[in-house]
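Observations on chain architecture
The lines below spell out each chain.
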Amino acid sequence: MDFIAGAIGGGLSTAVGYPLDTVKVRIQTNRHYNGIWHCIQETYRTEKIRGFYKGVSASVLTVSVMSSVSFGTYRNFLCTICKLRYGAADAKPSKLDVSLAGGAAGAARVVFMTPSEVAKVRMQTQRNPHPSISSSQPVSKPKYRGSLHCLRVITKEEGFGGLYKGCSALLCRDCSSSAIYFLTYSALCDWLTPAGKNKPGFLVVLLSGGFAGVLAWGFATPMDVIKSRMQTDESDQHKYKGLIHCARESVRKEGAKVLFKGLGLNCIRAFPVNMVVFVTYEAVLRFTDHYTK
């Protein structure tokens with residue numbers, strides 16, 4: 001049931017946070033924008049509302065699957081640890097147990113999500129004017145006509161390895177941030193839940209989920225920047241040789257602050273998105289528990 005609850009929560013959260021995710025990716029990968037508001041204005045001026053939702057359909061489906069894998073892996077890994085260490089799967093886990101299970105969930109997610117992340121980033125950074133925008137220059141056709149077309153083009157031009165660009169940065173990002181994510185959520189729920197109550201109330205779930213998302217993305221942003229830049233590096237560019245080279249070149253050209261591009265936006269987006277993730281997850285689990293007993 002954890003897999004289903006995670007899938008529903010992930011799909012809903014993507015619909016909530018996708019426009020800000022597009023703005024975040026564009027800021028991280030393109031020096032054309034002076035800041036968040038400038039990026040929002042330019043995107044709307046040239047591409048209208050649809051510019052903020054490029055690749056959203058595939059992303060909703062993919063994030064649903066990834067969220068399912070993440071929450072399902074986390075819960076099953078945690079139960080296995082508790083059974084091995086304490087003799088019972090429902091024993092209260094330590095903070096280390098929660099962190100290890102969270103890290104495992106992040107690693108499992110990366111295996112499946114890297115191709116979709118590459119397609120999402122390529123779609124989000126592809127700028128093609130809205131038909132209503134008049135221009136004296138002839139409008140060229142977009143290279144990628146959709147998420148599936150994008151995946152086909154990448155495979156054709158860059159080989160299968162092109163679908164896994166940025167995998168190393170994504171692994172570093174998701175293992176560490178997922179450990180922090182689940183640990184923060186668990187710790188805040190324990191702290192805010194009154195003594196004698198077995199489960200946290202929905203207000204506690206909302207606040208814990210929101211703050212867990214903010215803290216996790218705060219730590220994840222530097223690797224998120226590197227990941228996005230590696231994934232936009234197409235076959236005819238070859239700007240980056242790997243994770244370390246990408247980080248070194250980015251810092252050399254733009255200073256250390258480049259690693260924190262989109263930090264504020266990540267944190268703003270993370271709070272409502274992860275409130276939705278956790279409250280949906282808990283609601284689905286409690287609903288099914290109530291009607292299956």
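Residues numbered from 1 in each chain as written. Predicted model: local features only at pLDDT ≥ 70, side-chain atom pairs only at ≥ 80, totals over all residues. Heavy atoms only, no water.

Across its full length, the protein carries nine helices and zero strands. In the protein, the order of α-helices and β-strands from amino to carboxyl end is α-α-α-α-α-α-α-α-α. Here the protein, with 293 residues, has 49% of them falling under the buried criterion. A separation of at least 24 residues holds for 77% of the contacts in the protein among residues at least 6 apart in sequence. (Helix = DSSP H or I, 4+ residues; strand = E, 2+ residues; numbered from the N terminus. Buried < 20%, exposed > 50% of the residue type's maximum accessible area, 1.4 Å probe, protein only. Contact = heavy atoms within 4.5 Å.)

Glancing now at the UniProt feature "transmembrane region" (unreviewed entry) in the protein. Cross-referencing UniProt, the feature "transmembrane region" (unreviewed entry) maps to residues 201–220 in the present numbering. Annotated as residues 201–220, this span is 95% helix and 0% strand, and its ends, taken at the C-alpha atoms, are 28 Å apart. (UniProt positions renumbered as here; feature names shortened; annotations may be inferred.)

Right, let's get into the environment of Lys239. For Lys239, the position within the fold is in the loop between α7 (202–231) and α8 (243–254). Along the chain, Lys239 and Arg229 lie 10 residues apart, while their C-alpha atoms are 9.4 Å from each other. Among residues more than four places away in sequence, those in contact with Lys239 are Asp233 and His245.

The next subject is the side chain of Asp21. Tracing the sequence through the fold places Asp21 in helix α1 (residues 2–29). Its relative accessible area of 7% is what places Asp21 among the buried residues. In this structure the side chain of Asp21 is engaged in a polar contact, spanning 2.7 Å, whose partner is the side chain of Lys120. Not counting chain neighbours up to four residues away, the residues in contact with Asp21 comprise Lys120, Gln124 and Arg269. (Polar contact = N/O pair within 3.5 Å; in protein donor to acceptor, adjacent residues only side chain to side chain.)

Another aspect to go through is the environment of Cys167. With respect to the helices and strands, Cys167 occurs in helix α6 (residues 167–192). Sequence spacing of Cys167 and Val118 is 49 residues, and the spatial spacing of their C-alpha atoms is 9.4 Å.

So, on to unusual backbone geometry. Positive phi values are uncommon outside glycine, yet Lys48 reaches one of about 60 degrees. Structurally, the position occupied by Lys48 is in the loop between α2 (36–47) and α3 (56–86).

A few words now on the packing of α6 against α7. One can describe the packing of α6 onto α7 by two numbers: an axis separation of 8 Å at closest approach and a directional angle of 170 degrees. Here α7 runs roughly antiparallel to α6, going by the angle between their axes. Crossing angle aside, the handedness with which α6 passes α7 is right-handed. In terms of residue class, the contact of α6 with α7 is built from 21 nonpolar, six polar and three charged. (Axes fitted to C-alpha atoms, helices over the stretch in contact; angles between N-to-C directions. Parallel < 35°, antiparallel > 145°, perpendicular 65-115°, else oblique. Left-handed = near helix turned anticlockwise from the far one by under 90°. Nonpolar A, V, L, I, M, F, W, Y, C, P; charged D, E, K, R; others polar.)

By the definition in use, this model includes 11 aromatic pairs. Arranged with centres 6.4 Å apart and planes meeting at 85 degrees, the rings of Phe182 and Phe278 form a pair that is edge-to-face. Here the residue Phe182 occupies a position in helix α6, and Phe278 occupies one in helix α9 (residues 263–292), the gap between them amounting to 96 residues. Residues Phe182 and Phe278 agree in their burial class; the two are buried. Ring geometry for Tyr185 against Phe278: centres 3.8 Å apart, planes inclined by 10 degrees, an arrangement best described as stacked. One end of the pair, Tyr185, is in helix α6; the other, Phe278, is in helix α9, and 93 residues separate them in sequence. Under the relative-accessibility criterion, Tyr185 is labelled buried at 9%. Joined through ring pairs, the aromatic side chains of Phe71, Tyr74, Tyr181, Phe182, Tyr185, Phe278 and Tyr281 make up one cluster. Over the face of the ring belonging to Tyr44 we find Lys48, whose NZ or CZ atom lies 5.2 Å from the ring centre. Sitting over the ring of Phe202, Arg286 keeps its end group 4.9 Å from the ring centre. (Phe/Tyr/Trp six-rings, centres within 6.5 Å; stacked < 30°, edge-to-face > 60°. Lys NZ or Arg CZ within 6 Å of the ring centre and 35° of its normal.)

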